[in-house]
Amino acid sequence: MQFRSLLAGSAMLALLAGCAAGPTDQRDDAGMTASQANYQGTLPCRNCDGIDLDVTLVGEEMSAPEERTFTLDATYRNHPQTPPDENYAGNWEVLTGTPSDPDATVYELTPNGDGQIYYFQRIDERTLELIDPERRRFENGEMLQLQRQ
């Protein structure tokens, strides 16, 4: 299962995610700056013990678009087919509003080259939640959350 197909199956995965784990405890505070934020968590996976996700956002919401970059790394835990880690980099934008909250802040991560666009809603200063391309939260969305490290 490729991470790119995660959004299409996330609603079902969230319902079947008895194997979901909490956020990872990895920290790398030494390299963090005021304009860089790292978020980590483990997303549910139907065929494995979870997908460890590590997202680093560089730049501020008010920075020039070319100064807002990201990296996104996905690692599968105990997947029977042992897929390789997935690594993406690109730019991120700030969007305002979702169907249920017109004031919500949404980060749109667009990978360089091939790759799907990812959407994360800022729940609070320390939490991002993966949402669908129509900017809707998934049922059991707390299982799709990343915590700031």
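Provided above is the structure to which this section pertains.
Predicted model only: the values in this text are computed from it and were never measured.

**Q** Tell me about the pairing of strand β6 (residues 118–124), residues and numbers included.
**A** Relative to β6, strand β5 (residues 105–111) runs antiparallel, the two being bridged by four bridges. Each residue of the ladder has a partner; that of Glu108, found in β6, is Tyr119. Linkage of β5 to β6, two consecutive antiparallel strands, is achieved through a turn of six residues, within which Gly113 is found at a positive phi near 70°. The pairing of β6 with strand β7 (residues 127–131) spans five bridges and is antiparallel. Pairing of Arg122 across the sheet is with Leu128, part of β7. Between β6 and the antiparallel strand that follows it, β7, lie two residues.

**Q** Which residues make up the side chain of Asp132, and what are the values?
**A** In this structure, Asp132 sits in the loop between β7 and β8 (145–148). For Asp132, the side chain forms a polar contact with the main-chain nitrogen of Glu134, separated by 2.9 Å. Within the local environment of Asp132, its side chain forms a polar contact with the backbone nitrogen of Arg136, the two atoms lying 2.8 Å apart. Not counting residues within four places of it along the chain, the set of residues in contact with Asp132 comprises Tyr119 and Phe138.

**Q** Could you give an account of unusual backbone geometry, with specific residues and numbers?
**A** Although it is not a glycine, Asn78 adopts a positive phi angle of roughly 55°. The residue Asn78 is located in the loop between β3 (69–77) and β4 (86–96) in this model. Residue Asn78 is classed as exposed on the basis of its relative accessible area, which comes to 61%. Unlike most non-glycine residues, Asn140 shows phi in positive territory, near 60°. Of note, Asn140 is situated in the loop between β7 and β8.

**Q** Describe the sheet that holds β8, listing the residues and the values that go with them.
**A** Reading around the barrel, the eight strands line up as β1-β2-β3-β4-β5-β6-β7-β8 and close back on themselves, with antiparallel pairing between neighbours. Strand after strand, the sheet turns through a mean of 30° between neighbouring axes, direction not considered.

Definitions and cut-offs
- Residues numbered from 1 in each chain as written.
- Predicted model: local features only at pLDDT ≥ 70, side-chain atom pairs only at ≥ 80, totals over all residues.
- Heavy atoms only, no water.
- Pairing = 2+ DSSP bridges.
- Helix = DSSP H or I, 4+ residues; strand = E, 2+ residues; numbered from the N terminus.
- Polar contact = N/O pair within 3.5 Å; in protein donor to acceptor, adjacent residues only side chain to side chain.
- Contact = heavy atoms within 4.5 Å.
- Buried < 20%, exposed > 50% of the residue type's maximum accessible area, 1.4 Å probe, protein only.
- Axes fitted to C-alpha atoms, helices over the stretch in contact; angles between N-to-C directions.

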